[in-house]
Amino acid sequence: MRDRAPLLKYEGQKQSRFVIRSAFGGHAERYVISGSEDSQVYIWNRHDAMLLQVLPGHSGAVNAVAWSPLHDDVFVSASDDHTIRIWGPVR
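What you are looking at is a predicted structure, and each value in this text was computed from that prediction instead of being measured. (Residues numbered from 1 in each chain as written. Predicted model: local features only at pLDDT ≥ 70, side-chain atom pairs only at ≥ 80, totals over all residues. Heavy atoms only, no water.)

### Overview of the pattern of salt bridges
So, step 1. Inspection of every chain in the model, using the stated rule, returns one salt bridge.
So, step 2. Glu11 is paired through a salt bridge with Lys9; the nearest N and O atoms lie 3.5 Å apart.
So, step 3. Residue class for Glu11 comes out exposed when judged on its relative accessible area of 51%. (Salt bridge = Lys/Arg side-chain N within 4 Å of Asp/Glu carboxyl O. Buried < 20%, exposed > 50% of the residue type's maximum accessible area, 1.4 Å probe, protein only.)

### Considering the pairing of strand 7 (residues 84-87)
So, step 1. Sheet analysis places strand 6 (residues 75-79) next to strand 7, joined by four bridges and oriented antiparallel. The residue of strand 7 that forms the bridge with Val76 is Ile86.
So, step 2. Between the antiparallel neighbours strand 6 and strand 7 lie four residues, among them His82 with a positive phi of about 70°. (Pairing = 2+ DSSP bridges. Helix = DSSP H or I, 4+ residues; strand = E, 2+ residues; numbered from the N terminus.)

### Considerations on the side chain of Ser77
So, step 1. Residue placement: Ser77 occurs in strand 6.
So, step 2. Take Ser77: its relative accessible area is 0%, and that puts it in the buried class.
So, step 3. Here the side chain of Ser77 touches His58 through a polar contact of 2.7 Å, side chain to side chain.
So, step 4. A polar side-chain atom of Ser77 sits 2.7 Å from a polar atom in the side chain of Trp87.
So, step 5. With sequence-adjacent residues up to four places away left out, Ser77 is seen in contact with Val41, His58, Val62, Ala64, Val65, Thr83, Ile84, Arg85 and Trp87. (Polar contact = N/O pair within 3.5 Å; in protein donor to acceptor, adjacent residues only side chain to side chain. Contact = heavy atoms within 4.5 Å.)

### Describing the sheet that holds strand 1 (residues 22-25)
So, step 1. Pairing within the open sheet is antiparallel, and its four strands lie in the order 1-2-3-4. Strands at the two margins of the open sheet, each flanked by one partner only, are strand 1 and strand 4 (51-55). Taking each pair of neighbouring strands and ignoring which way they run, the sheet shows an average axis angle of 20°.
So, step 2. Looking at chain direction, strand 2 (residues 31-34) and strand 3 (residues 41-45) are connected through four bridges and run antiparallel. Paired with Val32 across the bridge in strand 3 is Trp44. (Axes fitted to C-alpha atoms, helices over the stretch in contact; angles between N-to-C directions.)

This is how it looks when you write it as structure tokens:
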């Protein structure tokens with residue numbers, strides 16, 4: 001196997017004490033989403049690492065996120081505030 005180096009760096013989310021899960025997803029997997037210890041969900045463009053959105057809503061660390069396998073514009077977040085939130089476009 002050849003040597004490896006980071007290709008992109010996604011910045012903004014807070015992580016110091018907990019394991020935080022991130023995921024690729026969306027249409028053509030063009031986004032990266034991540035939870036954060038600051039109770040928010042972060043969304044970046046996968047190809048240029050530009051931070052696109054920071055979504056408030058939880059009151060505890062967001063430790064896991066996952067994309068819907070059926071809808072490429074829907075994902076969920078799970079938090080230490082004992083809630084799971086389903087996120088999608090405003091209709």
